[in-house]
Amino acid sequence: MTPSYAVTDGWSIRTTPSMSSEHFELWQALLEERTGMTLSPERKTFLESSLSVRMRELGLDDYEHYYEQLVAGSTQGKAMEWSVLVDRLTVQETSFFRHPGSFALVEEVVQRFIADNPPKASLDVWSVGCSTGEEPYSLAMLISEQFQAQNSSDYFSITATDISLPTLAKARKGIYSARKVERIDPQLRARYFEQLNEREYQVVPALRDRICFARLNVLDLHQAPIRDMDIIYCQNMLIYFRRWRKRQIVTRLAERLAPGGVLVLGAGEITDWHHPELERVHFSDALAFRRHK
């Protein structure tokens, strides 16, 4: 039998319209100007599909009309629509404890912090590009476990930032599918998650309260009121930027480390970068730098 597709209220299944090279370059420039992120020509299909889905939701038929709406519409309308679009274009798949080597390094850093500081010291952590929250919640679980294991009276807090407001809203709720949490150690899952139903789990309030989620565009790092961080964790984000901008971002992050603080990056995300106040941390399967005390 030949399949048929229903048409309801004027809506029907449509193919993704093709984007001209000229329009692709316009969208490339707009995205880089506002977020710093670059789209290679190989990701043209991704851009077409992401934009066309949003255009259908808005009842628009062509990329040029949508582009004009984003750059020439009302100030409030542009801001709201840009927030939705950035969420579609920048949110990447993530998971809890995504890179074991980096988390093993953080565990060692936390242990050293507990040993080197007087009781009731404050460990300040920054998760840059936190997406839907798996990364900062993983950091919070790891730190909490170390504090308990060492009977530490220290305090910790995590600042988690991202450019996407819808993504941050999801992260604040801390609700994840059963599939998302199934790979977490069962003991950690029992301590730090509440099962809402057969399909969803939520991070317990005590852990959620340790994290402050805030919007931040990494192009505005020079304005960020974040200072003296003991750990800055930035992974799976720099790969979307040009080489010169990667260096700019990492340099600005380095300026926000406390003496002795550690900057943890994704392995292979940046090469041949040096900072006069930082030294490389030699740790297996991790890329990190420590600020001189």
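Everything that follows concerns the structure shown earlier in this document.
Reference entry: report on the structure contained in this document. None of the values given here were measured: they were computed from a predicted structure.

### Details of the sheet that holds strand E4 (residues 193–195)
Here comes step 1: What the three strands build is an open sheet, ordered E3-E5-E4; its pairing is antiparallel. The strands lining the two open edges of the sheet, one partner per strand, are strand E3 (175–177) and E4. Sheet twist, expressed as the mean angle between neighbouring strand axes with direction ignored, is 35 degrees.
Here comes step 2: Bridge analysis of E3 against strand E5 (residues 200–203) gives three bridges, and the strand direction is antiparallel. Residue pairing in the sheet places Tyr176 in a bridge with Tyr201 of E5.

### Points about the pattern of salt bridges
Here comes step 1: Counted according to the given criterion, the structure contains eight salt bridges.
Here comes step 2: With a closest N to O distance of 2.7 Å, Glu32 and Arg242 form a salt bridge. Taken together, the residues Glu32 in helix H1 (residues 21–35) and Arg242 in the loop between strand E7 (229–234) and helix H11 (243–254) connect sequence positions 210 residues apart.
Here comes step 3: Given a relative accessible area of 43%, Arg242 falls into the partly exposed group.

What counts and how
Position numbers for residues start from 1 in each chain and track the written sequence from start to end. The predicted nature of this model means local features are confined to residues of pLDDT at least 70 and side-chain atom pairs, given and counted, to a pLDDT of 80 or more, with totals for whole chains, interfaces and linings taken over all residues. Remark: hydrogens and water are excluded; side-chain values derive from all non-hydrogen atoms of the structure. Two strands make a pair as long as DSSP finds a minimum of two bridges between them. Secondary structure elements are defined from DSSP: runs of H or I of at least 4 residues count as helices, runs of E of at least 2 residues count as strands, and each element is numbered from the N terminus. Each axis is a line fitted through C-alpha atoms, and for a helix only the stretch in contact is used; angles between axes span 0 to 180 degrees, taken between their N-to-C directions. Whenever a carboxyl oxygen of Asp or Glu lies within 4 Å of a side-chain nitrogen of Lys or Arg, that contact is scored as a salt bridge. Here the term buried applies to any residue with accessible area under 20% of the maximum for its type, exposed to any over 50%, and partly exposed to those in between, with areas from a 1.4 Å probe on protein chains only.

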